[in-house]
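Chain by chain, the residues:
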Amino acid sequence: MLLRTENISKQFNGIYALKDINFEIRPGEIHGLVGENGAGKSTFIKILTGVHRADEGKILWEDQPVVIHTPSDSRKTGINVIHQDHVLIPSFNGIENVYLGSEYPVKNGKVDWKAMYDAVEAKAKELRMDLDLQKTADELTPPQKTCLEIIRAMMHECRLLILDEPTASLTEKETEILFAIIEKLKKQGTSILYVTHRMEEIFRLSDRVTIFKNGELSGVVNTAEIDKDGLIGLMTDQWKSEKIKRESTQGEVLLEAEHIASKDGVVKSGNIQAHAGEILGIYGLGGSGRTELLETIYGYRPIKDGTVKIGGKQMTSLSPQNSIRNGMVLISEDRRGKAMIGSLSIKENILLSCIDRYSRHGVLDHKKEGTDAQEKADALQIKMAGINQRAIELSGGNQQKVVFAKAMMTNPLIYLCDEPTQAVDVKTRAEIHKLLRKKADEGSAVVYVSSDLKEILEVADRILIMSGGCTKEILENQDLSSNDVLACCYRE
Ligand SMILES: Nc1ncnc2c1ncn2[C@@H]1O[C@H](COP(=O)(O)OP(=O)(O)OP(=O)(O)O)[C@@H](O)[C@H]1O
Ligand SMILES: [Mg+2]
């Protein structure tokens, strides 16, 4: 066995995040790790990589006990990791970030920048990653950040590579590159531990799967011997996905954007009409400008050209504040960057965009505030110690739910959703879909961007295709297959 754990347990604030985990990984296998949001996957990985220390239990490496108390211990053992949330220093450029935590090469008593640059560039080339290494991390998009972290992980010799939801913010092209890297590593005998909520990735990649449920081991299976429902059954108590009924009565146009072009040139011509009562999906291949279009309409990204009308009223200046004031929210994919403040409590985050609603003559009504936030948190089943817990302490998927709850608080007319279910488990994903459908049925318009084509086909009434920064055809989502949509994306 390459790695084995015996009875690993870990508590936070007196609550078990992990309990008695006996886990093993063989040399050269791709091992999936699944479980609901908050099941303990990331905590387990942090224990294997020296970020957290287990309260109890042992780690064995090739049948010998090892001590992993720091990330560097873990790397020396032969374990490399890509964590769920980007671990990059915003003001450092690509090279500096890749060398984070490693020794810098030195020549004549000075840091040898050229050697560093050459080494990182060679690795990027080898991995077929096209990235400007001089850019600072805060100038990179989420997928570019993930690419940078892949390069960093691959700089060292590694026997076990751990990936904690690596594809959550990747486009299809980058996902394929990543899968190719994984398969190559496997051939070389490297073991992979792969955490994901995307079942199709588990079935495509893994040899075996371990399932966590509420911090405990719920099963270990050969992937070939189980199907999706079987896996979900081991993750969760009694749950069946149900097809949401669409009523889809198209009402008046609530959002109308015409000829939108962004200053940076990514969006060239975006045209959207979203009606009351509908979920309008936007789909396009990676780099087609979906996120950028939403950000431009919302006022987050500077606009060069075009008009935005909300409820028939033309917006004279676009800004997130103006959008919120006029009833339009953006639920963004980059929760750490834009949508959530980790050091604030869950409650404060949920209330962030509507704090003035609770003040009367300058005094905050704390009681009402608390119950409203609690209600939203309960509706989304946020797994937390309490509403006053710091948001940063939540599991990745539960943080995403906080972002969602915050958007719901403003009771918007128009929801712009950009990958709102990334990192969210299967069950919550269905809950979020249901909630959005309910909002649509109540008269809101929902614009829904996802890089997951199946998800778009599941939720959308109509699908707007984007490519090369332009919106193209619009497809009615009736008896559509994924091939129909893809064919449309590739059509010139
Ligand atoms: N630093 C921390 N302080 C307090 N509680 C924590 C901390 N880190 C994790 N937890 C708690 O431990 C539990 C397990 O979280 P973990 O992040 O391991 O879940 P996960 O399986 O990775 O979930 P997800 O799919 O959402 O990423 C959660 O209830 C979480 O709130
Ligand atoms: Mg996690």
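Residues numbered from 1 in each chain as written. Chains lettered and ligands numbered in written order. Predicted model: local features only at pLDDT ≥ 70, side-chain atom pairs only at ≥ 80, totals over all residues.

Engineer: Even after reading the chapter, I still don't get the overall build of the protein, so can you show me in this structure?
Structural biologist: Helices and strands together make up the secondary structure of the protein, namely 17 helices and 24 strands. Taken over the C-alpha trace, the protein has a radius of gyration of 23 Å; the compact-globule value for 492 residues is 23 Å, and the two agree within 12%. If one aligns the C-alpha atoms of the protein with their principal axes, the spans along those axes are about 70 × 50 × 50 Å. The contacts in the protein between residues at least 6 apart in sequence include a share of 70% that link residues at least 24 apart. (Helix = DSSP H or I, 4+ residues; strand = E, 2+ residues; numbered from the N terminus. Rg over C-alpha atoms; globule rule 2.2 N^0.38 Å. Contact = placed C-beta atoms within 7 Å.)

Engineer: For this particular structure, what's the right way to read the nonpolar core?
Structural biologist: Among the nonpolar cores identified, the biggest contains 65 residues, and Leu255, Tyr415, Leu416, Val446, Val447 and Tyr448 are the most heavily contacted of them. Ranked by residues supplied to this core, first place goes to helix H14 (residues 396-409) with six residues. Discounting chain neighbours no more than four positions away, the residues touching Leu255 are Ile272, Ala274, Ile310, Met328, Ile414, Ala445 and Val447. Listed in part, the 52 residues of the second largest apolar core include Ile21, Ile162, Leu193 and Ile202. (Core = buried A, V, L, I, M, F, W, Y, C linked by C-beta atoms within 7 Å. Buried ≥ 20, exposed ≤ 12 C-beta atoms within 10 Å, placed from the backbone.)

Engineer: Even after reading the chapter, I still don't get the site of ligand 1, so can you show me in this structure?
Structural biologist: Of all residues adjacent to ligand 1, which total 20 residues, the nearest are Ser42, Thr43, Ser395, Gly396 and Gly397. If you list the elements that add at least two residues to the shell around ligand 1, you get helix H1 (41-48) and H14. Residue classes in the shell around ligand 1 are distributed as four nonpolar, twelve polar and four charged. When residues of the shell around ligand 1 are assigned to domains, at least three fall in each of domain 1 (3-235) and domain 2 (253-490). (Near = placed C-beta within 6 Å. Nonpolar A, V, L, I, M, F, W, Y, C, P; charged D, E, K, R; others polar. Domains from an automatic or database assignment.)

Engineer: I tried to follow unusual backbone geometry on my own but got confused; where do I start?
Structural biologist: Most peptide bonds take the trans configuration, and most residues that are not glycine carry a negative phi. Despite not being glycine, Asn13 shows a phi value in the positive range, around 45°. Within the element layout of this structure, Asn13 appears in the loop between strand E1 (3-12) and strand E2 (15-25). Unlike most non-glycine residues, Asp479 shows phi in positive territory, near 50°. You can call Asp479 exposed: it has 6 C-beta atoms within 10 Å.

Engineer: Can you walk me through the domain arrangement of the protein in this structure?
Structural biologist: Here the protein is partitioned into domain 1 (3-235) and domain 2 (253-490). Summarising the inter-unit geometry, the C-alpha centres of domain 1 and domain 2 are found 29 Å apart. At the junction of the two partners, domain 1 supplies 18 residues and domain 2 supplies 20 residues. The element best represented in the side of domain 1 that touches domain 2 is helix H6 (residues 172-187), accounting for three residues.

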